[in-house]
Amino acid sequence: VKLHTLAKSKGKLYFGTATDNPELTDTAYDAILDDGAMFGQITPGNSMKWDATEPTQGTFTWTGADQIVDLAQANGQILRGHNCVWYNQLPSWVTSTTWTAATLTSAIQTHCGTLVGHYKGQIYSWDVINEPFNDDGTWRSDVFYNTLGTTYVQIALEAARAADPDAKLYINDYNIEGPGAKATAMLNLVQTLKAASVPIDGIGFQSHFIVGELPSGIQTNFEAFTAQGVEIAITELDIRMTLPSTPALLAQQKKDYTTIISACQAVTGCVGVTVWDWTDKYSWVPSTFSGQGAACPWDENFIRKPAYDGIAIGFGN
Ligand code: G3I
């Protein structure tokens, strides 16, 4: 069974994957990526980020992002946009300018409005805000928060809504999948935004996990969010291990994939699942966490791992 087809048959909108421009030259990779029955949704892993799309203030470059949007559309795959405002992968002009509240507000409005507007009508959902919180639930100290306080969130969301009224607008973060201080901070933010009539449609749970270390209470936590009137999605799923992989680790990883997918399956407002690339060959994990990897449902030779069946079981197959 192919995973997007399965997810659809179980009432979800999509099962999808991140991808990135450099790996698109790998024709064996493309043969699986382009299968709309396997992946009904695509997220560009890097090419919509601020450094890629507005490297110089006011000058926009769409080459990398357009390539992935074109590919997804040719394959009949919907898109998640990633992302508008994030502390990381910022061009140096954003981090080195001496901003006032007024000039940074204008820069955010121009960036989000132009980026979201360029793809108007073509993106299912946008990660408008990415990773606003520290793990203890306090606000991340970055150029946006330090200049504007929490108002940067509203500024970006309103600019995105104006640029594409049909796109679902998300805030996306990690370590909010289970209950805890960071999840509570995100829940409080949703309530605050809703109460102020700021446009917010969804919360993305990145779900970068470690084998055997998934939090408990994921489904209950998901339900606390959907109860606030937002949809949710699993946006960057992978489950890494300390290498080398062993049959025991792969078996635990299969169980862990089932655990997270079944939590989404059990919650009506969880619309879909995206893996943060489908093959270990192109996973971000080994270059970030030395000695760790094997986080994806396909191995580096594009062979399905036990995790693949774990996903299918999670969707109820
Ligand atoms: O673009 C430069 C290139 O010019 C240079 O030659 C090359 C040399 O290393 O680096 C390239 O930049 C890399 C960039 O990916 C584009 O390939 C960076 O070094 C590398 O750090 C960067 O990693 C990305 C990472 O975000 C950065 O934080 C990963 O590919 C990407 O998968 C990852 O994705 C993030 C999500 O956006 C947010 N959530 C967490 C997730 C995983 O970290």
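Right above here is the structure, for reference.
This report concerns the structure included in the present document. All values reported here derive from a predicted model rather than from experimental measurement.

## Examining the pattern of salt bridges
- Following the criterion strictly, the structure yields eight salt bridges and no others.
- Between R161 and D201 there is a salt bridge; the shortest N-O distance is 3.0 Å. In this pair, R161 sits in helix α8 (residues 151–163) while D201 sits in the loop between α9 (181–195) and β6 (202–205), placing the two residues 40 residues apart along the sequence.
- The exposure class of D201 is buried, given its relative accessible area of 19%.
- For K168, the salt bridge goes to E231, with nearest N and O atoms at 4.0 Å. Linking K168 in strand β5 (residues 168–173) with E231 in strand β8 (residues 231–242), this pair joins segments that are 63 residues apart in sequence.
- One network of salt bridges, in which partners are shared, links D135, D173 and K182.

## Details of α8
- Over its 13 residues, α8 extends 19 Å from the first C-alpha to the last, a length consistent with the 18 Å expected when each residue adds 1.5 Å.
- Y152, V153, I155, A156, L157, A159, A160 and A163 are the residues of α8 that are buried.
- Contact partners of the buried residues in α8: β3 (78–85), α6 (101–118), β4 (125–130), α7 (143–148), β5 and α9.

## Focus on the nonpolar core
- One finds V85, I108, W126, I203, L237 and I260 to be the most contacted residues of the largest nonpolar core, which totals 95 residues.
- When residues of this core are assigned to their parent elements, the largest contribution, eight residues, is made by α8.
- Not counting the four nearest positions on each side in its chain, I203 is found in contact with Y170, I171, I176, M186, V190, F225, V230, E231, I232 and A233.
- Formed by five residues, the second largest nonpolar core is a distinct cluster that contains Y14, Y170, A233 and V271.

## Notes on the site of the ligand
- Around the ligand, 13 residues are found, and the nearest of them are N46, K49, H82, E131 and E236.
- Within the side chain of K49, a nitrogen or oxygen atom sits 2.7 Å from an oxygen atom of the ligand.
- One of the side-chain N or O atoms of W276 is found 2.9 Å from an oxygen atom in the ligand.
- In isolation the ligand exposes 790 Å². Once the protein is present, 46% of that is buried.
- Its residues placed into classes, the shell around the ligand shows three nonpolar, seven polar and three charged.

## Considerations on the packing of helix α11 (residues 247–266) against helix α13 (residues 306–314)
- With their axes 7 Å apart at the nearest point, α11 and α13 run at an angle of 25° to one another. Our classification of the angle between α11 and α13 gives roughly parallel. Every pair of crossing elements has a handedness; the one defined by α11 and α13 is right-handed. Contact residues: α11 offers L250, Q253, K254, Y257, T258, I261, S262 and Q265, while α13 offers P306, A307, D309, G310, I311, I313 and G314.
- Class assignment of the residues belonging to the contact of α11 with α13 gives a composition of seven nonpolar, six polar and two charged.

## What about the state of the cysteines?
- In the structure shown here, the tally under the stated rule is one disulfide.
- Between the sulfur of C264 and that of C270 lies a disulfide, 2.1 Å long from S to S. Residues C264 and C270 share a disulfide whose torsion about the S-S bond is about -100°; that sign makes it left-handed.
- Here C84 stays unpaired: no disulfide links it, and the sulfur of C112, its closest cysteine neighbor, is 4.3 Å away.
- The exposure class assigned to C112 is buried, which follows from its relative accessible area of 0%.

Parameters and conventions
- Here the residue index of a chain counts from 1 through its sequence in written order.
- Residue-level local features of this predicted model are given only where pLDDT is at least 70; pairs of side-chain atoms are given and counted only at 80 or more, and the full residue set underlies all totals for whole chains, interfaces and linings.
- Excluded from the side-chain calculation are hydrogens and water; included are all heavy atoms of the structure.
- The working definition used for a salt bridge is a side-chain nitrogen of Lys or Arg within 4 Å of a carboxyl oxygen of Asp or Glu.
- Working definition: helices are DSSP H or I runs of at least four residues, strands are E runs of at least two. Numbering for both runs from the N terminus.
- Working definition: with a 1.4 Å probe on protein chains only, accessible area under 20% of the residue-type maximum means buried, over 50% means exposed, and in between means partly exposed.
- Expected helix span is computed as 1.5 Å times (number of residues minus one).
- Whether two residues touch is decided by their heavy atoms; if any such pair falls within 4.5 Å, the residues are in contact.
- Throughout, nonpolar core names a set of buried Ala, Val, Leu, Ile, Met, Phe, Trp, Tyr and Cys residues whose side chains join them through atoms within 4.5 Å.
- Here a residue is considered near a molecule or strand provided that any single heavy atom belonging to it is located within 4 Å of it.
- Polar contact is the term for a pair of N or O atoms within 3.5 Å; when the atoms are in protein, one must be able to donate a hydrogen and the other to accept it, and sequence-neighboring residues count only if both atoms are side-chain atoms.
- Here the accessible surface of atoms and residues is derived via Shrake-Rupley with a 1.4 Å probe, and residues count as covered only by protein chains that are part of the display.
- Classification convention: Asp, Glu, Lys, Arg as charged; Ala, Val, Leu, Ile, Met, Phe, Trp, Tyr, Cys, Pro as nonpolar; all other residues, Gly among them, as polar.
- For every element, the axis is a line fit to its C-alpha atoms; helices are fit only across the contacting stretch, and the angle between N-to-C directions ranges from 0 to 180 degrees.
- An angle below 35 degrees is read as roughly parallel, one above 145 as roughly antiparallel, one from 65 to 115 as roughly perpendicular, and any other as oblique.
- Two helices cross in a left-handed way if the nearer one is turned anticlockwise from the farther one by less than a right angle. They cross in a right-handed way if the turn is clockwise.
- When the sulfur atoms of two cysteines come within 2.5 Å, that pair is taken as a disulfide.

Remember, this is a structural readout, not a statement about activity or role.
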